[in-house]
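Listed below, chain by chain, are the residues.
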Amino acid sequence: MNNFTTKIALISTGTGEGSLLSEMLKEPFIEIIGLSNPNIKELKTATEFNIPVKDVRHLLQESPDIVINLSLDEDILVEIMKYKRPETEVVNKKSADMIRNLLEKRQNKSKEIKNLLNEAKDLYRIGVAITSSETIEDALNTLLIEATRFLNVSAGSIVLYDRNNNSFTVKASRGISEDLLNSFQCIKGTGGLTEHIINKRIPTVISDIGNYNFSDSRELLENGIISLMATPLFAGEVINGIIYLYDSKIRDWSDREIEFIIHLGIQAAYAIEKFKLLETITKKNLLLEELNDRLEDKVIEKTAELAKANKELERSNKLKSQFIATMSHELRTPINSILGFQNCF
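Residues numbered from 1 in each chain as written. Predicted model: local features only at pLDDT ≥ 70, side-chain atom pairs only at ≥ 80, totals over all residues. Heavy atoms only, no water.

(A) Expanded view of the overall build of the protein. For the protein, the count of helices and strands is ten helices and nine strands. Considering only contacts in the protein between residues 6 or more positions apart, those separated by 24 or more positions represent 58%. About 21,800 Å² of surface is accessible on the protein, with carbon and sulfur atoms providing 55% of the total. (Helix = DSSP H or I, 4+ residues; strand = E, 2+ residues; numbered from the N terminus. Contact = heavy atoms within 4.5 Å. Areas by Shrake-Rupley, 256 points an atom, 1.4 Å probe, with all protein chains shown as cover.)

Set out below in structure tokens:
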């Protein structure tokens, strides 16, 4: 047993729900050494966890550190004070109620912290999966699968905005009919739910679509979508897309769920920007390769032209030399004859 464990004896009222016993059993540093005067629920719990059930006198012989007395019977209090050790503390019902409230708050906080840690782990895992994706389609499909799993919904979609066409295109979907998918591929600025989500900029949470008069509300309802949560994907002031998550029943989305989709939206926005940047770099590299290929072709072409010119020049020089040699021979013959006649005279 841990040295910091506190041994507690619980004297119950014999009535009520027995919630204090249940709360104390959740604490690792509390040991319930015995129970007296339990109600039906406490007796069942005592049996389940092997907690001894004794009368007050025998319970105090176990030397508890604290006796929690929920009974308002004065005779029981007298018996406790008579048989307890001097160092044993006695806690009355009012103090016990305060302890129960503190334990409940602490356990709720512990549960909240545990949930936050699990969310952080999920977001980290999703981030790693998105980063290692080779295409934007793979990244968005991974993100949508994780979002539907975490929020326990069967349907969802991610649409991206195409600036060239001023329209939205579905890039990932789960559990959505073909007709509804086609309706998402709309022109920006045509109103409806999509325009509402973009203008709001923060997550749009709708518990019951039937209460709203969007131009596409009827189509959503006809496809079995009753409730939805959607978040726009902004990069600065520029809209990149929207994440939609749907439920087939009226649903009150919790703050925790909304917070999760906000973090997921941030990851999605970064992933989209990353792949857009990679696409831009790829296009520029292809253009550079094309320019290099063209330059190489030009160099080869000019080199061939230069080689041809050199050959022509060599041929011209050769013809020139042959012409000069021939003319020199032709001129030398008559000159020699003239010189011969001159000598005769």
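(B) Layout of the pairing of strand 9 (residues 238–247). Judged by how many residues are buried, strand 9 sits mostly within the fold: nine of ten residues are covered. Between strand 8 (residues 227–235) and the antiparallel strand that follows it, strand 9, lie two residues; glycine 236 among them carries a positive phi value of about 70°. (Buried < 20%, exposed > 50% of the residue type's maximum accessible area, 1.4 Å probe, protein only. Pairing = 2+ DSSP bridges.)

(C) Representation of unusual backbone geometry in the model. Backbone geometry places asparagine 152, a non-glycine residue, at a positive phi of 55°. Looking at where asparagine 152 falls in the secondary structure, it is placed in the loop between helix 6 (136–151) and strand 5 (155–162). If you check the backbone angles, arginine 201 has positive phi at about 70° while not being a glycine. Note that arginine 201 resides in the loop between helix 8 (192–200) and strand 7 (204–206). On the basis of relative accessibility, which here comes to 35%, the residue arginine 201 falls in the partly exposed class.

(D) Looking closely at the sheet that holds strand 1 (residues 6–11). Spatial ordering of the open sheet is given by 2-1-3-4, a layout of four strands whose pairing is parallel. Edge strands, defined here as strands with exactly one partner in the open sheet, are strand 2 (30–36) and strand 4 (89–91). In this sheet, neighbouring strand axes are inclined to one another by 25° on average, regardless of whether the strands run parallel or antiparallel. Across the sheet, helix 4 (residues 74–83) touches strand 1, strand 3 (66–69) and strand 4, and the angle it forms with strand 3 is around 175°. (Axes fitted to C-alpha atoms, helices over the stretch in contact; angles between N-to-C directions.)

(E) Expanded view of the sheet that holds strand 9. On the basis of which strands lie adjacent, the open sheet formed by five strands has the order 6-5-9-8-7 and antiparallel pairing. Edge positions in the sheet fall to strand 6 (167–174) and strand 7, since each of these pairs with one other strand and no more. Mean inter-strand twist for the sheet, computed between neighbouring axes without regard to direction, equals 15°. Across the face of the sheet, helix 8 comes into contact with strand 6, strand 7, strand 8 and strand 9 while running at roughly 120° to strand 9.

(F) Spatial organisation of a nonpolar patch on the surface. A contiguous nonpolar surface patch, about 310 Å² in accessible area, is contributed by Ile262, Ile266 and Tyr270. Inspection of the secondary structure assignment puts isoleucine 262 in helix 10 (residues 255–344). (Patch = residues over 30% accessible without salt bridge, like charges linked within 9 Å, V, L, I, M, F, W, Y side chains within 5 Å. Salt bridge = Lys/Arg side-chain N within 4 Å of Asp/Glu carboxyl O.)

(G) Region of interest: the confidence of the model for the protein. Per-residue pLDDT for the protein averages 82, and the proportion of residues at 70 or more is 89%. Mean pLDDT across the secondary structure elements of the protein bottoms out at helix 7 (residues 178–184), with 69, and peaks at strand 3, with 92. (pLDDT = per-residue confidence, 0-100.)

(H) Up close: the packing of aromatic side chains. Under the criterion given, the structure shown has three aromatic pairs. Look at phenylalanine 150 and phenylalanine 260: their rings are 3.7 Å apart centre to centre, the planes differ by 15°, and that puts the pair in the stacked class. On the criterion of sequence distance, the pair formed by phenylalanine 150 in helix 6 and phenylalanine 260 in helix 10 is long-range, its members being 110 residues apart. Grouping residues by exposure puts phenylalanine 150 and phenylalanine 260 together as buried. (Phe/Tyr/Trp six-rings, centres within 6.5 Å; stacked < 30°, edge-to-face > 60°.)

(I) The arrangement of helix 5 (residues 93–131) in detail. Over its 39 residues, helix 5 extends 56 Å from the first C-alpha to the last, a length consistent with the 57 Å expected when each residue adds 1.5 Å. Restricting attention to buried positions, one finds in helix 5 the residues Ala96, Arg100, Leu103, Gln107, Glu119, Asp122, Leu123, Ile126, Gly127 and Ile130. A distance of 3.3 Å separates the backbone nitrogen of lysine 94 from a side-chain oxygen at the start of helix 5, and that oxygen is part of asparagine 92. (Expected span 1.5 Å × (residues − 1). Polar contact = N/O pair within 3.5 Å; in protein donor to acceptor, adjacent residues only side chain to side chain.)

(J) Local environment of helix 2 (residues 40–48). Of the positions making up helix 2, those classed as buried are Glu42, Thr45 and Ala46. In an axial view of helix 2, the angular spread of the buried residues amounts to 100°, which keeps them on one side of the axis. Across from the buried face of helix 2, at angles greater than 90 degrees, the exposed residues are Ile40, Lys44, Thr47 and Glu48. Backbone nitrogen of lysine 41 and a side-chain oxygen of the N-cap are separated by 3.1 Å at the start of helix 2; the cap is asparagine 39. (Arc of directions from axis to C-beta.)

(K) The arrangement of the environment of isoleucine 32 in detail. By the element assignment, isoleucine 32 lies in strand 2. The class of isoleucine 32 is buried, set by a relative accessible area of 11%. Spatially, the C-alpha atoms of isoleucine 32 and phenylalanine 49 are 9.6 Å apart, while their sequence positions differ by 17 residues. Among all residues touching isoleucine 32, those that are not within four sequence positions of it are Ile8, Leu21, Met24, Leu25 and Ile51.

(L) Layout of the nonpolar core. By size, the foremost hydrophobic cluster in this structure holds 28 residues, and its most contacted members are Ile158, Ile243, Leu245 and Leu264. Listing elements by their share of this core, those giving two or more residues are helix 5, helix 6, strand 5, strand 8, strand 9 and helix 10. Contacts of leucine 245, omitting those with residues within four sequence positions, involve Leu144, Ala147, Thr148, Leu151, Val153, Ala155, Gly156, Ser227, Leu228, Met229, Trp253 and Ile261. Ranked by size, the runner-up nonpolar core spans 23 residues in total, among them Leu180, Leu181, Leu193 and Leu228. (Core = buried A, V, L, I, M, F, W, Y, C linked by side-chain atoms within 4.5 Å.)

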